[in-house]
Amino acid sequence: IRIFSRTNYQLTQSEFQQLQINDPWVDALLNRTRSLLSGYQESLLPESLDMVIVCIVSLIATEIEETVLQKNFSQYGALMFDSDIQKLVSFFESHTTTNRTTIREKFKRLQEIKLLLTMETPTEVLEYWSGGGMTSTTNTTTGGGRQHIHWSLSAVEVKMFLKRRNDFNLSVIERLRLN
């Protein structure tokens with residue numbers, strides 16, 4: 001995780017494209033985790049290994065969330081962060097047999113943070129925010145519509161994470177009404 005704290009997310013388009021090919025911190029973390037898990041796979045029952053994975057995910061998600069508050073993101077950096085989190089979720093879901101839902105829950109706050117960071121403008125959050133939760137437009141076979149999603153980020157946290165985008169106007173974020 002220490003390498004994440006040194007990762008720059010104030011990226012240009014060309015830097016983003018390079019990192020899409022070679023993502024040093026995610027690749028390093030996944031390689032270390034693979035190595036760690038391989039030592040346990042032979043000696044633990046699948047359920048016990050899943051518990052180890054959930055503990056690892058919990059630690060990683062908490063560390064990343066805390067570190068995000070110390071970083072600034074460009075639009076391309078936010079897209080890279082989105083890609084990084086997706087890689088982590090996919091990796092851990094593929095390595096567990098019984099706890100995929102638990103893995104997604106552990107990454108829930110980071111999923112919300114990456115959504116906020118990848119918004120086009122800070123006011124875009126108003127399209128989703130509804131009474132202390134967010135809604136998401138879903139396209140289902142029944143004709144689509146809005147589905148209410150109870151998010152774990154508070155209004156204060158939403159603003160804190162929106163402020164991590166270096167191209168967002170801070171006064172616009174402060175004026176957002178997320179009650």
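In this text, all values refer to a predicted model and were calculated from it rather than measured experimentally.

Right, let's talk about the overall build of the chain for a bit. Tallying secondary structure elements over the chain gives 9 helices and 3 strands in all. The secondary structure elements of the chain, listed N-terminal to C-terminal, are α-α-α-α-α-α-α-β-β-β-α-α. Within the chain, residue pairs in contact and separated by at least 24 positions form 71% of the contacts whose partners lie at least 6 positions apart.

Note on placement: Lys108 falls in helix H7 (residues 108-117). You can call Lys108 partly exposed: its relative accessible area is 23%. Taking the C-alpha atoms as reference points, Lys108 and Ser152, separated by 44 residues in sequence, lie 7.7 Å from one another. If we skip the residues at most four places from it in the chain, Lys108 touches His150, Trp151 and Ser152.

All right, on to the nonpolar core then. The biggest cluster of nonpolar side chains holds 46 residues, and the ones touching the most others in it are Ile64, Val68, Phe81, Leu88, Phe92 and Phe107. Among the elements of the structure, helix H2 (13-21), helix H3 (24-41), helix H4 (46-68), helix H5 (75-94), H7 and helix H8 (155-162) are those that each provide at least two residues to this core. No other element matches the 9 residues that H4 contributes to this core. Ignoring any residue separated from it by four or fewer positions in sequence, one finds Phe81 in contact with Phe4, Tyr9, Ile64, Val68, Phe73, Leu110, Ile113, Lys114 and Leu117.

Turning to H4, a few remarks are in order. Given a rise of 1.5 Å per residue, 23 residues ought to cover 33 Å, and the 32 Å separating the end C-alpha atoms of H4 matches this to within 8%. Listing the buried residues of H4 in full gives Leu49, Asp50, Ile53, Val54, Ile56, Val57, Ile60, Ala61, Ile64, Glu65, Thr67 and Val68.

As a further point, take the packing of H4 against H7. Remark: H4 packs on H7, axes separated minimally by 10 Å, with the N-to-C direction vectors making an angle of 30 degrees. When the axis of H4 is compared with that of H7, the two are roughly parallel. When you trace H4 past H7, the crossing you get is left-handed. Of H7, the residues touching H4 (which contributes Ala61, Ile64, Glu65 and Val68) are Arg109, Leu110, Ile113 and Leu117. Here the contact of H4 with H7 is built from residues that sort into 6 nonpolar, no polar and 2 charged.

Attention now moves to the pattern of salt bridges. Under the counting rule described, the total for this entry stands at 7 salt bridges. Between Glu93 and Arg104 there is a salt bridge; the shortest N-O distance is 2.9 Å. In this pair, Glu93 is assigned in helix H5 and Arg104 in helix H6 (residues 100-106), connecting sequence segments 11 residues apart. The buried category is assigned to Glu93, whose relative accessible area is 17%. Given the relative accessible area of 43%, Arg104 is considered partly exposed. Glu157 serves as the salt-bridge partner of Arg109, at 2.7 Å between the closest nitrogen and oxygen. One end of the pair, Arg109, is in helix H7; the other, Glu157, is in helix H8, with 48 residues separating them in the sequence. Residue classification places Arg109 among the partly exposed residues on the basis of a relative accessible area of 23%. Residues joined in a network through salt bridges with shared partners are Glu65, Arg109 and Glu157.

This part takes up the confidence of the model for the chain. Across the chain, the average pLDDT comes to 87, with 88% of residues at 70 or higher. Considering only residues more than four positions removed or in separate chains, one finds that residues 134-148, a stretch of pLDDT under 50, has 29 contacts.

Calculation criteria
Each residue is numbered by its place in its chain's sequence as written, counting from 1. Since the coordinates come from a predicted model, pLDDT governs what is reported: local features require at least 70, and pairs of side-chain atoms require 80 or more to be given and counted, while whole-chain, interface and lining totals use all residues. Calculation of side-chain values draws on the structure's entire complement of heavy atoms; hydrogens and water are dropped beforehand. A run of H or I in DSSP counts as a helix once it spans at least four residues, and a run of E counts as a strand once it spans at least two, with each numbered from the N terminus. Note on contacts: a residue pair qualifies if any of its non-hydrogen atoms lie within 4.5 Å across the two residues. Here's how the labels work: a residue is buried when its accessible area is under 20% of the maximum for its type, exposed when over 50%, partly exposed in between, all with a 1.4 Å probe on protein chains only. We call a set of buried Ala, Val, Leu, Ile, Met, Phe, Trp, Tyr and Cys residues a nonpolar core when their side-chain atoms join them within 4.5 Å. One less than the number of residues in a helix, times 1.5 Å, gives the span that helix is expected to have. Axis lines are fitted through C-alpha atoms, for helices just across the contact stretch, and the angle between N-to-C directions can take any value from 0 to 180 degrees. Under this scheme an angle from 65 to 115 degrees is roughly perpendicular, one under 35 degrees roughly parallel, and one over 145 degrees roughly antiparallel; angles in between are oblique. By definition, turning the near helix anticlockwise from the far helix through less than a right angle yields a left-handed crossing, and turning it clockwise yields a right-handed one. Under the scheme applied here, ten amino acids are nonpolar (Ala, Val, Leu, Ile, Met, Phe, Trp, Tyr, Cys and Pro), four are charged (Asp, Glu, Lys and Arg), and all others, including Gly, are polar. Whenever Lys or Arg places a side-chain nitrogen within 4 Å of a carboxyl oxygen from Asp or Glu, that contact is recorded as a salt bridge. As a per-residue quantity, pLDDT reports the predictor's confidence and falls between 0 and 100.

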